[in-house]
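Summary of structural features
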Amino acid sequence: MSLVPFDDRDGFIWMNGEFIQWRDANLHVLSHAVHYASAVFEGERAYDGEIFKLREHTERLFKSANILDFEVPFSMDEIDSATKELLEKNNIKDGYIRPIAWRGSEQMGVSAQQTKINVMIAAWDWPAYFSAEAKMAGLRMRISDWQRPAPNTAPTDSKAAGLYMICTLSKHKAESEGYDDALMFDYRGYVAEATGANIFFLMDDGKVHTPTPDCFLDGITRRTAIELMKRGGYEIVERHIKPEEMAKASEAFLTGTAVEITPIQSIGDEYKFTPGKLSRYMIDAYEAEVHGREYSAAAAE
């Protein structure tokens, strides 16, 4: 498949308070973020020109920056306004938005308290590529060789760029072996998340179980999914899940800005799932939610 490089596109990018031509949105190779991963970011989606949960994403961007010990040099209102205007300038209706804040090139070294904090927002077209029927086929996943770190070893409450290094390694390994994604355990050996999405299981007790997000992000889509399931009459259990307990699950699915709601058909050779009533309900209910529509399908029994 031919790729359109992300540094060679038409359109505008908002950078440090200005809309500039896409190809001119550059940074110096000695930027602190490039060498020491001092950057935080968000991933957002627009549907029909409206950005889903924009303020929640902006709030998390600011929280992540605070955890990494720097301050975003714009207000939340300014970031939200710039994001909306960027969509209009790029004529995007259904798209992906990537805000990022990072330390610049004023200092080089572990200590970088005098570096300038830069902020950028980019947006590009991202229509729905898969129908509900295609999603219902489910993903094939492997178990990652890497684990999510403990909260006292990394800023796990932040959406920090550095935390995604092991996600890339895990995803690449999975894809090289013919899988779609990888499931990561946490530092204790409990089920945690996929490389960029949270996970849910319909267990044999009829309840939906999901890992407690105490060393990984409590995703915005994750919280939306929990609310949708409660509306549908499902009971949610947040707890530490041992890997062998996945054998008790009949359905499983991922949630995230990029994957939205995507069922899973297998994790490795041992754990098999059959996307069914819950998966269909969640795909349809989430589709209605992001488009601002009421969803009136029959609730769970």
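Details of the structure are given in the entry above.
Now for a description of the structure that goes with this document. Predicted model only: the values in this text are computed from it and were never measured. (Residues numbered from 1 in each chain as written. Predicted model: local features only at pLDDT ≥ 70, side-chain atom pairs only at ≥ 80, totals over all residues. Heavy atoms only, no water.)

1. Some remarks on the pattern of salt bridges
Filter applied, for reference: For salt bridges, the criterion is a side-chain nitrogen of Lys or Arg within 4 Å of an Asp or Glu carboxyl oxygen. Under the scheme used here, helices are H or I runs from DSSP no shorter than 4 residues and strands are E runs no shorter than 2 residues, and both carry numbers assigned from the N terminus. Residue burial is assigned from relative accessible area. The probe radius is 1.4 Å, only protein chains are included, and a residue is buried under 20% of its type maximum, exposed over 50%, and partly exposed in between.
In this structure the tally under the stated criterion is 26 salt bridges. As a salt-bridge pair, E56 and R223 come within 3.3 Å of each other at their nearest N and O atoms. On the criterion of sequence distance, the pair formed by E56 in helix 2 (residues 54–67) and R223 in helix 6 (residues 220–231) is long-range, its members being 167 residues apart. Residue E56 is classed as partly exposed on the basis of its relative accessible area, which comes to 27%. Residue classification places R223 among the partly exposed residues on the basis of a relative accessible area of 37%. Ionic pairing is found between E177 and R142, a salt bridge with its closest N-O pair at 2.9 Å. In this pair, E177 sits in the loop between helix 5 (165–176) and strand 9 (181–186) while R142 sits in strand 8 (residues 139–148), placing the two residues 35 residues apart along the sequence. In this structure R142 comes out as buried when scored by relative accessible area, which is 12%. One connected set of salt bridges, linked through shared partners, spans K53, E56, D218, R222, R223 and E238.

2. Considerations on the side chain of T115
Convention followed: Polar contacts, as counted here, are pairs of nitrogen or oxygen atoms within 3.5 Å of one another; within protein the pair requires one atom able to donate a hydrogen and one able to accept it, and residues that are adjacent in sequence qualify only if both atoms are side-chain atoms.
Along the chain, T115 turns up in the loop between strand 6 (95–103) and strand 7 (117–125). A polar atom in the side chain of T115 sits 3.0 Å from the side chain of R103. A distance of 2.7 Å separates a polar atom in the side chain of T115 from the backbone oxygen of A112.

3. Let's talk about the environment of I261
As a reminder, the rule being used: Contact criterion: two residues are considered in contact whenever any of their non-hydrogen atoms come within 4.5 Å of each other.
Tracing the sequence through the fold places I261 in strand 15 (residues 260–267). Separated by 40 residues in sequence, I261 and T221 have C-alpha atoms that sit 8.6 Å apart. Among residues more than four places away in sequence, those in contact with I261 are K135, A225, F253, L254, T255, M282, I283 and Y286.

4. Some words on the packing of helix 6 against helix 7 (residues 277–290)
We count it as follows: Think of each axis as a best-fit line through the C-alpha atoms, taken over the contacting stretch in the case of a helix, with angles from 0 to 180 degrees between the N-to-C directions. Every angle not falling under 35 degrees, over 145, or within 65 to 115 is termed oblique; those three ranges are roughly parallel, roughly antiparallel and roughly perpendicular. With the far helix as reference, a near helix turned anticlockwise by less than a right angle produces a left-handed crossing, and one turned clockwise produces a right-handed crossing. Each residue is assigned to one class: nonpolar for Ala, Val, Leu, Ile, Met, Phe, Trp, Tyr, Cys and Pro, charged for Asp, Glu, Lys and Arg, and polar for all the others, Gly among them.
Taken N-terminus to C-terminus, the directions of helix 6 and helix 7 make an angle of 110°; their axes are 10 Å apart at the nearest point. It follows from the interaxial angle that helix 6 and helix 7 lie roughly perpendicular. Here the hand of the crossing between helix 6 and helix 7 comes out right-handed. On helix 7, the residues that touch T221, T224, A225, L228, M229 and R231 of helix 6 are L278, Y281, M282, A285, Y286 and E289. When grouped by side-chain class, the residues that make up the contact of helix 6 with helix 7 number 8 nonpolar, 2 polar and 2 charged.

5. Brief notes about the packing of aromatic side chains
For clarity, the cut-off: Centre distance within 6.5 Å is the pairing criterion for rings of Phe, Tyr and Trp, where only the six-membered ring of Trp is used; planes under 30 degrees apart are then read as stacked, over 60 as edge-to-face, and the remainder as tilted. Two thresholds decide whether a charge sits over a ring: the Lys NZ or Arg CZ must be within 6 Å of the ring centre and within 35 degrees of the ring normal.
By the definition in use, this model includes 10 aromatic pairs. On the numbers, 5.3 Å between centres and 35° between planes, the contact of Y96 with W124 is tilted. With a gap of 28 residues between them, Y96 in strand 6 and W124 in strand 7 connect regions that are remote in the sequence. A centroid spacing of 5.2 Å and a plane angle of 15° characterise the contact between F200 and F253, whose relative ring orientation is stacked. Here the residue F200 occupies a position in strand 11 (residues 198–203), and F253 occupies one in strand 14 (residues 249–256), the gap between them amounting to 53 residues. Its relative accessible area of 0% is what places F200 among the buried residues. According to the relative accessible area criterion, F253 is buried, its value standing at 1%. A network of ring pairs unites the aromatic residues F6, Y96, W124 and W126 as a single cluster. Positioned above the aromatic ring of F12, the side-chain terminus of K89 is 4.5 Å from the ring centre.

6. Here's the deal with the pairing of strand 8
Heads up, the rule is: One bridge is not enough; two strands pair if DSSP finds at least two bridges between them. Seen with the strands pointing away from the viewer, any crossover whose path from the first strand over the helix to the second strand runs clockwise is right-handed.
As defined by bridge partners, strand 8 adjoins strand 15 across 3 bridges and the pair is classed as parallel. Residue pairing across strands places R140 opposite S266, the latter belonging to strand 15. Bridge analysis of strand 8 against strand 9 gives 5 bridges, and the strand direction is parallel. Bridging from a neighbouring strand, Q147 pairs with F185 of strand 9. Handedness of the crossover is the feature at issue here: the chain leaves strand 8, passes through helix 5, returns alongside strand 9, and the resulting connection is right-handed.

7. Details of a nonpolar patch on the surface
The condition that has to hold: Put simply, a patch holds well-exposed residues, over 30% relative accessible area, that have no salt bridge, with like charges counted together within 9 Å and Val, Leu, Ile, Met, Phe, Trp or Tyr side chains within 5 Å. Computed with the Shrake-Rupley method and a 1.4 Å probe, the accessible areas treat only the protein chains shown as cover for residues.
Taken together, the side chains of V29, L30, Y36, M108 and V110 present a nonpolar region at the surface, about 510 Å² in accessible area. Exposure remark for M108: the relative accessible area of 43% places this residue in the partly exposed category.

8. Remarks on the pairing of strand 4 (residues 44–47)
Burial along strand 4 is two-sided: E44 and A46 and R45 and Y47, pointing in opposite directions, are all buried. When strand 4 meets strand 6, the two strands line up antiparallel, connected through 3 bridges. Bridge pairing in strand 6 places R45 opposite Y96. As defined by bridge partners, strand 4 adjoins strand 5 (residues 50–51) across 2 bridges and the pair is classed as antiparallel. Bridge pairing links A46 to I51 in strand 5.

Interpretation note: all reported values are geometric properties and have no functional meaning in isolation.
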